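# Summary of structural features
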Amino acid sequence: MRGIPGPLLRKARHARVLLHARESEAFDRRHGVDTVAAAQIAELTVAEGDAGEGRMYVGSPPAVLRNCIPVLAPDPSGMTFVDMGSGKGRALMLAALAGFPRAVGVEFGEELHEVALRNVGLGSRIECRLGDATRFAYPDGPLMIFFNNPFRAPVLGAVLDGLEASLAERPRRAVLLYQSMKDAPPESGTDENLAMLDDRAFLRPVPVRPAGAWGRLMLRPFALRAHEAGPA
Ligand SMILES: C[S@@+](CC[C@H](N)C(=O)[O-])C[C@H]1O[C@@H](n2cnc3c(N)ncnc32)[C@H](O)[C@@H]1O
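## Things to note about the overall build of the chain
Secondary structure assignment for the chain yields seven helices and seven strands. The order of α-helices and β-strands along the chain, N terminus first, is α-α-β-α-β-α-β-β-α-β-α-β-α-β. Taken against the 2.2 N^0.38 rule, which gives 17 Å for 232 residues, the C-alpha radius of gyration of the chain at 17 Å falls within 12% of a compact globule. For the chain, the spread of C-alpha atoms along the principal axes amounts to about 55 × 40 × 35 Å. Expressed as a percentage of the 232 residues in the chain, the buried residues total 49%. Across the chain, contacts joining residues at least 24 apart in sequence account for 73% of those joining residues at least 6 apart. Within the chain, one finds 28 positive and 27 negative side-chain charges whose respective centroids are separated by 11 Å.

## Concerning the sheet that holds strand S1 (residues 80-84)
Taking strand neighbours across the sheet as the criterion, the seven strands line up as S3-S2-S1-S4-S5-S7-S6 in an open arrangement whose pairing is mixed. Edge strands, defined here as strands with exactly one partner in the open sheet, are strand S3 (126-130) and strand S6 (204-206). Taken over all neighbouring pairs, the strand axes of this sheet differ in orientation by 20° on average, direction set aside. Examined bridge by bridge, strand S2 (residues 102-107) and S3 share five bridges and lie parallel to one another. The residue of S3 that forms the bridge with glutamate 107 is leucine 130. Of the strands in this sheet, S1, strand S4 (143-148), strand S5 (174-181), S6 and strand S7 (222-229) are in contact with helix H2 (residues 62-72), which crosses S5 at around 150°.

## Focus on the packing of aromatic side chains
All chains considered together, the criterion is met by five aromatic pairs. Between phenylalanine 81 and phenylalanine 146 the ring centres are 6.1 Å apart and the planes differ by 35°, which places this aromatic pair in the tilted class. In this pair, phenylalanine 81 is assigned in strand S1 and phenylalanine 146 in strand S4, connecting sequence segments 65 residues apart. Just as phenylalanine 81 is buried, phenylalanine 146 falls in that class too. Summarising the aromatic geometry, the rings of phenylalanine 147 and tyrosine 178 are spaced 5.8 Å apart at their centres and angled 20° between planes, so their arrangement reads as stacked. Residue phenylalanine 147 is located in strand S4, and its partner tyrosine 178 is located in strand S5; the two are separated by 31 residues in the primary sequence. For the pair phenylalanine 147 and tyrosine 178, one class covers both residues: buried. Three or more aromatic residues link up through ring pairs in this structure, and these residues are Phe81, Phe100 and Phe146.

## So, the site of the ligand
Taken together, 25 residues are adjacent to the ligand, and Asp83, Gly85, Glu107, Ala133 and Asn148 come closest. The contact in question runs from a nitrogen atom of the ligand to an N or O atom on the backbone of glycine 85, over 2.8 Å. Contacts to the ligand include alanine 133, whose backbone N or O atom sits 2.9 Å from a nitrogen atom. The protein chains hide 99% of the 600 Å² of surface that the ligand would expose on its own. Within the residue set of the shell around the ligand, elements represented by two or more residues are S2 and S4. When grouped by side-chain class, the residues that make up the shell around the ligand number 13 nonpolar, eight polar and four charged.

## Concerning the side chain of threonine 80
Its location among the elements puts threonine 80 in strand S1. Aside from chain neighbours lying at most four places away, what touches threonine 80 is Phe100, Arg102, Val104, Pro139, Asp140, Pro142, Leu143 and Met144.

## Some points on helix H1 (residues 6-31)
Residue pairs spaced three or four apart in an α-helix point in one direction, given the helix's 3.6 residues per turn. For H1, with 26 residues, the first-to-last C-alpha span of 38 Å sits near the 38 Å given by 1.5 Å per residue. If you check which residues of H1 are buried, you get Arg16, His20, Ser24, Ala26, Phe27 and Asp28. Check the buried side of H1 and you find it contacts H2, helix H3 (90-97), helix H7 (213-218) and S7. Positioned one or two residues after H1, glycine 32 has a phi angle of 60°, which is positive.

## Focus: the nonpolar core
Residues Leu65, Phe81, Met144 and Leu177 are the most contacted members of the largest nonpolar core, which totals 33 residues. Broken down by secondary-structure element, the contributors of at least two residues to this core are H2, H3, helix H4 (110-120), S3, S4, S5 and S7. Sequence-distant contacts of leucine 65, that is, excluding residues within four places in its chain, are made with Pro70, Phe81, Ala91, Leu94, Met144, Phe146 and Leu177. In terms of nonpolar packing, the next biggest core, distinct from the first, is built from 28 residues, Ala153, Leu160, Ala174 and Tyr178 among them.

Conventions adopted
Residues numbered from 1 in each chain as written. Predicted model: local features only at pLDDT ≥ 70, side-chain atom pairs only at ≥ 80, totals over all residues. Heavy atoms only, no water. Helix = DSSP H or I, 4+ residues; strand = E, 2+ residues; numbered from the N terminus. Rg over C-alpha atoms; globule rule 2.2 N^0.38 Å. Buried < 20%, exposed > 50% of the residue type's maximum accessible area, 1.4 Å probe, protein only. Contact = heavy atoms within 4.5 Å. Lys, Arg positive; Asp, Glu negative; His and termini not counted. Charge placed at Lys NZ, Arg CZ, Asp CG, Glu CD. Pairing = 2+ DSSP bridges. Axes fitted to C-alpha atoms, helices over the stretch in contact; angles between N-to-C directions. Phe/Tyr/Trp six-rings, centres within 6.5 Å; stacked < 30°, edge-to-face > 60°. Near = heavy atom within 4 Å. Polar contact = N/O pair within 3.5 Å; in protein donor to acceptor, adjacent residues only side chain to side chain. Areas by Shrake-Rupley, 256 points an atom, 1.4 Å probe, with all protein chains shown as cover. Nonpolar A, V, L, I, M, F, W, Y, C, P; charged D, E, K, R; others polar. Expected span 1.5 Å × (residues − 1). Core = buried A, V, L, I, M, F, W, Y, C linked by side-chain atoms within 4.5 Å.

Here is the structure:
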């Protein structure tokens, strides 16, 4: 069978990139926040954590969590959402909008943390912590933990060690979502991170397949991997 011609595929890919960008801009306008501009780690003041293993700030396209939360956390009402490397807080805001009563993020870049504090506002259900993800103190109760490809394997390994210890001390359910790009170059370390998640004995892989055809089409460029831990 002949496949879809290359130029058509390229056009479809380009259209998807534009749609994600438009949606991100619309999110900022609708909520009066500032989450779009990317930032390199070298532009940030990093007081603690391994800046050399961190990945630049790029906000997660709203379509990712909008399509994945209903699959992985159909009833988020009793759960806390955690964002590892929370940047300007976009994922935290999306989680709160999706019904999580509490969303906690940790970000090591001071400038990004300041923007996140302004974005989420005072007295909201969102807590932004400044610091290194490897030292994160996990909240009590069931968790959904989000990783938008925030750091390379040495940091991810330490973060998973901390999570495993926290779940052993206070057994509870955790569902993890890892977002990266399918076409990420080998030097990005993405494949190593995905393999590490699959290798950890305390994590069980779970399928993450958005319910609608449109959602699946929009998420096609992303490598999305989900795992759960603790009682089913
Ligand atoms: C790709 S961005 C994701 C931003 C946000 N999670 C989102 O999806 O909108 C990755 C973020 O992780 C942060 N980061 C990298 N290493 C970190 C570490 N060790 N501790 C805390 N934050 C870190 C970076 O500064 C960057 O803001």
